Each structure stands twice: as structure tokens, then as C-alpha cells.
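One-letter residues, chain by chain:
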Amino acid sequence: MSTLEKLKAKFNEKPIPNNISFDEVERLAKSYGCGVVSGGKHSKKIVDVPSGTVIPIPMHGKYVQEAYIKELKDLFAEIENRNKGGV
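Residues numbered from 1 in each chain as written. Predicted model: local features only at pLDDT ≥ 70, side-chain atom pairs only at ≥ 80, totals over all residues. Heavy atoms only, no water.

A. Representation of empty space enclosed by the protein within the structure. Counting across every chain of the model gives one cavity of 30 Å³ or more. Of the voids in this model, the largest cavity is the one considered here, and its volume is about 30 Å³. Around the largest cavity, the lining residues are F22, V25, E26, V36, K44, I46 and I57. Only α2 (22–31) and β2 (43–48) provide two or more residues apiece to the lining of the largest cavity. Per element, the largest residue contribution to the lining of the largest cavity is three residues, and it comes from α2. Split by residue class, the lining of the largest cavity holds five nonpolar, no polar and two charged. (1 Å grid on protein atoms, 1.4 Å probe; cavity = no way out; pocket = protein on both sides within 12 Å on 5 of 7 lines; lining within 4 Å. Points joined across faces, edges and corners; volume = space filled by probe spheres on them. Helix = DSSP H or I, 4+ residues; strand = E, 2+ residues; numbered from the N terminus. Nonpolar A, V, L, I, M, F, W, Y, C, P; charged D, E, K, R; others polar.)

B. Structural detail: the packing of aromatic side chains. Inspection of every chain in the model, using the stated rule, returns two aromatic pairs. Between F11 and F76, the ring centres sit 5.6 Å apart and the planes meet at 45 degrees, which makes this aromatic pair tilted. Here F11, found in helix α1 (residues 3–11), pairs with F76, found in helix α3 (residues 66–83); they are 65 residues apart in sequence, far enough to count as distant. Taking relative accessible area as the criterion, F11 reaches 3% and is therefore assigned buried. Ring centres of Y32 and F76 lie 4.4 Å apart, and the angle between their planes is 10 degrees; this geometry places the pair in the stacked category. With Y32 in the loop between α2 and β1 (35–38) and F76 in helix α3, this residue pair connects regions lying 44 residues apart in the sequence. Residue classification places F76 among the buried residues on the basis of a relative accessible area of 3%. (Phe/Tyr/Trp six-rings, centres within 6.5 Å; stacked < 30°, edge-to-face > 60°. Buried < 20%, exposed > 50% of the residue type's maximum accessible area, 1.4 Å probe, protein only.)

C. Fine view of the pattern of salt bridges. Throughout the structure, instances matching the rule amount to five salt bridges. A salt bridge links E26 to K30; the shortest N-O distance between them is 3.4 Å. Taken together, the residues E26 and K30, both in helix α2 and four residues apart, mark about one turn of the helix. Residue class for E26 comes out buried when judged on its relative accessible area of 18%. What emerges from the salt-bridge pattern is a single network uniting E26, K30 and K44. (Salt bridge = Lys/Arg side-chain N within 4 Å of Asp/Glu carboxyl O.)

D. Expanded view of the sheet that holds β1. Read across the open sheet, the three strands follow the order β1-β2-β3; overall the sheet is antiparallel. The sheet is open, and its two borders are formed by β1 and β3 (53–58), each paired with just one other strand. Taking each pair of neighbouring strands and ignoring which way they run, the sheet shows an average axis angle of 25 degrees. In terms of strand pairing, β1 meets β2 through four bridges, oriented antiparallel. Residue pairing in the sheet places G35 in a bridge with V47 of β2. (Pairing = 2+ DSSP bridges. Axes fitted to C-alpha atoms, helices over the stretch in contact; angles between N-to-C directions.)

Geometry only, nothing functional implied.
Encoded structure:
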């Protein structure tokens, strides 16, 4: 299992994990074809151009908060469906 596959498995654990770092989110977002934009010194934005989705993620502490992980899970699921020819 590649490190990216392990990261995807960790990201999709239930309940929503609360130990995912900003670097891991950035790596995952890029693997799904999303852009990562720095929104200043305290936030990053995950951008999916085809859907027009922008998810701002405030950087407080070492890990991404669960609410943002949930939003990212929804976005990544939407991208997977789109890439498979789904809705």
C-alpha cells in the first residue's frame, strides 16, 4: 500500500479523525487535482476549479479541525464521482 493510499485510508476513518495535519491535507488535495492557496499567514484554501468549490481552512494548532475534514471528504467524494463519470 502506497503512502498516498494509507493517507486516504486514514482520512476516511470513522469517526472523523482529528489528527490529520495541514501537510497531509495539502498532499491529499493535490492528489485529487485541487489547488492549494495560502490565504495569509493563518489559513489555506483548497480550490476545486471545475466545481468552483473553495474551502478555507484556518490554521490553528498542528491539526485540521473535524468540521473541515468533513467538508474535504465531501469534496473529494464529489471529485471521485466526477472522475468516474458520475454526477
